[in-house]
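Spelled out from the first residue to the last, the chains are:
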Amino acid sequence: MSMRTSVSLSVFEAHKSAPVLFSANLEENIPYISSIGYDGVDLFIHDPADEASITAAGLLNQHDLGVGVVMPAALAGRGLYFGDADKAIRDEIVKQIIPIIEYTSELGGMVSLGLVRGSLIEGDTLSDFMGRFSDSIERILPRAQALGVDLLIEPINRYEINTLNESCESYDFIKESGLPLYLMLDTFHMNIEDVSVEGSLRYCRELIKHVHFLDSNRLAPGMGHSDMASYYGVLQEIGYKGYLCLEALSRPDEHTCAEKGIEFFRKIGIVK
Ligand code: LER
Ligand code: MN
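Residues numbered from 1 in each chain as written. Chains lettered and ligands numbered in written order. Predicted model: local features only at pLDDT ≥ 70, side-chain atom pairs only at ≥ 80, totals over all residues. Heavy atoms only, no water.

### Some thoughts on the overall build of the chain
Then comes step 1: Scanning the chain from terminus to terminus reveals 10 helices and nine strands.
Then comes step 2: Taking 19 Å as the expected radius of gyration for a compact globule of 272 residues, we find that the chain reaches 17 Å, a close match to that expectation.
Then comes step 3: Taking the principal axes of its C-alpha atoms as reference, the chain extends roughly 50 × 45 × 35 Å.
Then comes step 4: A burial count over the chain gives 55% of its 272 residues as buried.
Then comes step 5: Counting only carbon and sulfur atoms, one obtains 49% of the accessible surface of the chain, whose full area is about 11,400 Å².
Then comes step 6: Measuring between centres, the 22 positive side-chain charges of the chain sit 3 Å from its 40 negative side-chain charges. (Helix = DSSP H or I, 4+ residues; strand = E, 2+ residues; numbered from the N terminus. Rg over C-alpha atoms; globule rule 2.2 N^0.38 Å. Buried < 20%, exposed > 50% of the residue type's maximum accessible area, 1.4 Å probe, protein only. Areas by Shrake-Rupley, 256 points an atom, 1.4 Å probe, with all protein chains shown as cover. Lys, Arg positive; Asp, Glu negative; His and termini not counted. Charge placed at Lys NZ, Arg CZ, Asp CG, Glu CD.)

### Things to note about the packing of aromatic side chains
Then comes step 1: Under the definition given, this model contains seven aromatic pairs.
Then comes step 2: Taking 6.2 Å as the distance between ring centres and 25° as the angle between the ring planes, the aromatic pair formed by Phe213 and Phe265 counts as stacked. Taken together, the residues span a long stretch of sequence, with Phe213 in the loop between strand 8 (208–212) and helix 9 (228–237) and Phe265 in helix 10 (residues 254–268) at a distance of 52 residues.
Then comes step 3: Summarising the aromatic geometry, the rings of Phe264 and Phe265 are spaced 5.9 Å apart at their centres and angled 75° between planes, so their arrangement reads as edge-to-face. (Phe/Tyr/Trp six-rings, centres within 6.5 Å; stacked < 30°, edge-to-face > 60°.)

### Let's talk about the coordination of the manganese ion (ligand 2)
Then comes step 1: Looking at the manganese ion (ligand 2), the protein donor atoms are Glu154 (OE), Asp186 (OD), His212 (ND1) and Glu247 (OE), and they sit 2.1 to 2.4 Å from it.
Then comes step 2: Metal-centred angles of 69 to 176° between the six donor atoms at the manganese ion (ligand 2) mark the site as octahedral. (Donors = N, O, S within 2.8 Å, 3.2 Å for Na, K, Ca; no water. Tetrahedral: all angles 85-135°; square planar, octahedral: opposite > 155°, others 65-115°.)

### Brief notes about the state of the cysteines
Then comes step 1: Within the structure shown, the criterion is met by zero disulfides.
Then comes step 2: Not engaged in a disulfide, the cysteine Cys204 finds its nearest cysteine sulfur in Cys168; these two sulfurs lie 4.6 Å apart.
Then comes step 3: Cys204 sits in the buried class, given a relative accessible area of 0%.
Then comes step 4: The thiol of Cys257 is not disulfide-bonded; the next cysteine sulfur, from Cys245, is found 11 Å away. (Disulfide = S-S within 2.5 Å.)

### Things to note about the pattern of salt bridges
A side chain with one charge can pair with a side chain of the opposite charge if their charged atoms come near.
Then comes step 1: Following the criterion strictly, the structure yields 12 salt bridges and no others.
Then comes step 2: The residue Glu193 makes a salt bridge to Arg158 at a minimum N-O spacing of 2.9 Å. In this pair, Glu193 is assigned in helix 7 (residues 187–193) and Arg158 in the loop between strand 6 (151–153) and helix 6 (167–177), connecting sequence segments 35 residues apart.
Then comes step 3: Look at Arg158 and you get partly exposed, because its relative accessible area is 47%. (Salt bridge = Lys/Arg side-chain N within 4 Å of Asp/Glu carboxyl O.)

### Some points on the side chain of Asn165
Then comes step 1: Inspection of the secondary structure assignment puts Asn165 in the loop between strand 6 and helix 6.
Then comes step 2: Under the relative-accessibility criterion, Asn165 is labelled buried at 15%.
Then comes step 3: Of the polar contacts made by the side chain of Asn165, one reaches the backbone oxygen of Ile156; its length is 2.8 Å.
Then comes step 4: Once you skip the residues sitting within four places of it in the chain, Asn165 turns out to touch Pro155, Ile156, Asn157, Arg158 and Glu193. (Polar contact = N/O pair within 3.5 Å; in protein donor to acceptor, adjacent residues only side chain to side chain. Contact = heavy atoms within 4.5 Å.)

### Considering the site of ligand 1
Then comes step 1: With respect to spatial proximity, the complete set of residues near ligand 1 consists of Pro19, Met71, Leu115, Glu154, Ile156, Glu160, Asp186, His189, His212, Arg218 and Glu247.
Then comes step 2: Between ligand 1 and Glu154, the relevant distance is 2.6 Å, taken from an oxygen atom to a side-chain nitrogen or oxygen of the residue.
Then comes step 3: Interatomic distance of 2.7 Å between a side-chain N/O atom of Arg218 and an oxygen atom of ligand 1.
Then comes step 4: Taken by itself ligand 1 offers 250 Å² of open surface, and the protein chains cover 92% of this.
Then comes step 5: Taking a 2 Å distance to the grid points as the criterion, the majority of the atoms of ligand 1 fall inside the largest pocket.
Then comes step 6: Across the shell around ligand 1, the residue classes tally to four nonpolar, two polar and five charged. (Near = heavy atom within 4 Å. 1 Å grid on protein atoms, 1.4 Å probe; cavity = no way out; pocket = protein on both sides within 12 Å on 5 of 7 lines; lining within 4 Å. Sits in = over half its atoms within 2 Å of the grid points. Nonpolar A, V, L, I, M, F, W, Y, C, P; charged D, E, K, R; others polar.)

Written out as structure tokens, the structure reads:
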């Protein structure tokens, strides 16, 4: 199987600054995403039991769209973090992620551990923080593994979080922790943090299960100044088989950006 294409979709009305190409209006957006040639979505949800999450699951299935990753960023939005110094907060997020993992297993996707990691606070040490993070993850892994849902660490740039910003550092963390975690790499963050995007893709190859494939300005490939064809070439070289997801800003609007993405994917030959 070759690489597949996807876009980010929030089941709830997301803020304009969020990297959510499509937001709410599921009855219109889901058929449209499928009709222009995408294979799937990354799904931003609040509560997996709410009406929007259930409607999205049904419509995605009906329109033959796969789910790469379910994004639990809304938990971070509510102040819940796996590495938090407060045990009550860690207990709460460990509890709240379980139904999200169960929902994800029904959709055949993976779950991302991005902003839900949390940030170091004054007086905290990185090793204490990562110890708390790892403990929380060990508590959710048995359920995730029983359901066959992979958990992915996403390195995120320094302006959004202060733990695991860079790809190779995140790869080393996973290897040293011995935890059965994988990587989701996002070329927008890599462009800010990594010495070389191509070099990191090669270094991390063994653990990469998902890619957010954005140009320098967090828009579709071809809309910024990153060498997206070169990144694609390296992904081919390392035998990457997952999604290339446009977790893009909806600028100038979602349709223009999604269509620019399809134009690029057609040019490189992964969309007919
Ligand atoms: C999520 O995939 C991401 O890339 C972060 O910037 C969260 O917004
Ligand atoms: Mn991302």
